[in-house]
Amino acid sequence: MTAVNEKKELDVVALGELLIDFTENGVSEQGNPLLEANPGGAPCNVLSMLTRYGRKTAFIGKVGNDGFGNLLEKAIVEQGISAEGLKKDNEVHTTLALVLKLANGDRDFAFYRKPGADVNLYEDEVDVELIRKARLFHFGSLSLTDEPARSATHKAISTAQEAGLVISFDPNLREPLWPTLDDAKEQIDWGMQQTDILKISDNEITWFTGKDDYDDGIAYLFEKYPNLKLICLSMGPDGSRAYWKGLRVEVPAFLQSGTIETTGAGDTFCAGMINAVLKYGLDGFDEEKLKDMLVKANASASLVTTKKGALRVMPTMDEIKAFIESRK
């Protein structure tokens, strides 16, 4: 699949986790960390940023039929994401994640997910008609950790492939959610085989390919997965790279003192990649367009790090343009 169909009702449908991220927001009088219930989940974070690009989006997934589930449904609808494919579970509660900031600025994740409603999505609950209405299908690896969500993901992707959608994948490795890292590698390998475009982070490519040099790791991926057309590598404070048809473009990060936390930065960056593919098609890039894609993606990722949470606080296009101009 090399073209992106322009004549569809939706631009992007994503499947995966929609959950509550409990993120630190100060300390109580007793010295205890205060946790704020932020709507989250990588696929919906991506969709939320895509709505800022003016894209029509829809989500397929599952939350509990509880207070948090209702909060999440309201949150995605508020962001302009269609909840037509969202299911609610009467037995299993909404998945929760505790996100604590480490001394080095990185994050420590603890998940309340066994069971969790997002993993309890069944094949027959996947809205295949919703997928067929879209131009691009996006997924991550978290819906591949357990059944029945794994089979539901397989069904969604086979539907998307049969309908001629471009497929986008972000491994988004969360080690605590896998029985072993070998299981994670097996499922992420399967995801790699399905996708046309890939967003991958520096730590993920080193882990997955065993290559310390990122260019060597990218070359390994293109050789092993000939279906891959575009790979975008996020490197945190070291910027990002795009690899397409032999071209390699690198852009520095927008570092700033106002950074609070990095939750959602990778998802925001991923949305920039997807938006560019929708705009130019898989065959329509050149060096200038790849650079423009990375600059916008880096800027939006930098801006979201200055806010708490991600899904509800994605930057607008005006904010992104003004931020880029201020750094020239």
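Treat the numbers as computed from the prediction; the structure is a model and nothing was measured. (Residues numbered from 1 in each chain as written. Predicted model: local features only at pLDDT ≥ 70, side-chain atom pairs only at ≥ 80, totals over all residues. Heavy atoms only, no water.)

Asker: So what exactly am I meant to see when it comes to the overall build of the chain here?
Answerer: Along the backbone of the chain there are 10 helices and 13 strands. Rg of the C-alpha trace for the chain: 18 Å, near the compact-globule value of 20 Å for 328 residues, within the 12% margin. The dimensions of the chain, computed from C-alpha atoms along their principal axes, are 55 × 45 × 40 Å. Counting all 328 residues of the chain, 56% fall into the buried class. Sequence separation of at least 24 residues holds for 72% of the intrachain contacts in the chain that already meet a minimum separation of 6. (Helix = DSSP H or I, 4+ residues; strand = E, 2+ residues; numbered from the N terminus. Rg over C-alpha atoms; globule rule 2.2 N^0.38 Å. Buried < 20%, exposed > 50% of the residue type's maximum accessible area, 1.4 Å probe, protein only. Contact = heavy atoms within 4.5 Å.)

Asker: Would you take a moment to explain helix α1 (residues 42–52) for this structure?
Answerer: Within an α-helix, residues lying three or four positions from one another point in the same direction, as the helix has 3.6 residues per turn. Counting buried positions over the 11 residues of α1 gives 11, a clear majority of the element. Burial in α1 covers these residues: A42, P43, C44, N45, V46, L47, S48, M49, L50, T51 and R52. At the C-terminal side of α1, G54 shows a positive phi close to 85°.

Asker: It is not clear to me how the side chain of S141 should be interpreted in this structure. Could you clarify?
Answerer: By the secondary structure assignment, S141 is in the loop between β8 (134–140) and α4 (149–162). According to the relative accessible area criterion, S141 is buried, its value standing at 0%. Those residues in contact with S141 that sit more than four places away from it in its chain are F169, D170, P171, N172, W178 and I188.

Asker: Any chance you could explain helix α5 (residues 181–194) here in plain terms?
Answerer: Its 14 residues place the ends of α5 20 Å apart at the C-alpha level, agreeing with the 20 Å of an ideal helix rising 1.5 Å per residue. Of the residues making up α5, those classed as buried are A184, Q187, I188, D189, G191, M192 and Q194. Residues of α5 that are buried make contact with β8, α4, β9 (166–170), β10 (197–201), α6 (202–209) and α7 (214–224). (Expected span 1.5 Å × (residues − 1).)

Asker: I keep staring at the sheet that holds strand β4 (residues 57–64) and nothing clicks. Help me out?
Answerer: Each strand in a sheet pairs with another by means of backbone hydrogen bonds, the pair being arranged parallel or else antiparallel. With respect to topology, 9 strands assemble into an open sheet ordered β5-β4-β1-β8-β9-β10-β11-β12-β13, the strand pairing being mixed. In this open sheet, the two edge strands, each paired with only one partner strand, are β5 (81–89) and β13 (247–251). Along the sheet, successive strands turn relative to each other by an average axial angle of 15°, direction set aside. Pairing between β10 and strand β11 (residues 230–234): 5 bridges, direction parallel. Residue pairing in the sheet places S201 in a bridge with S234 of β11. Packed on one face of the sheet, helix α2 (residues 67–78) meets β4 and β5 and runs near 170° to β5. Lying on the sheet, α7 is in contact with β10, β11, β12 (240–244) and β13; it crosses β12 at an angle near 35°. (Pairing = 2+ DSSP bridges. Axes fitted to C-alpha atoms, helices over the stretch in contact; angles between N-to-C directions.)

Asker: Can you help me understand the nonpolar core in this one?
Answerer: The nonpolar side chains of a soluble globular protein tend to be buried with one another. In terms of nonpolar packing, the biggest core is built from 57 residues, with L18, I76, L230, I274, V277 and M293 touching the most fellow members. The contact partners of I76, leaving out residues within four places of it in the chain, are L18, C44, F59, I81, A83, L86 and L311. Listed in part, the 39 residues of the second largest apolar core include A58, L130, I167 and I200. (Core = buried A, V, L, I, M, F, W, Y, C linked by side-chain atoms within 4.5 Å.)

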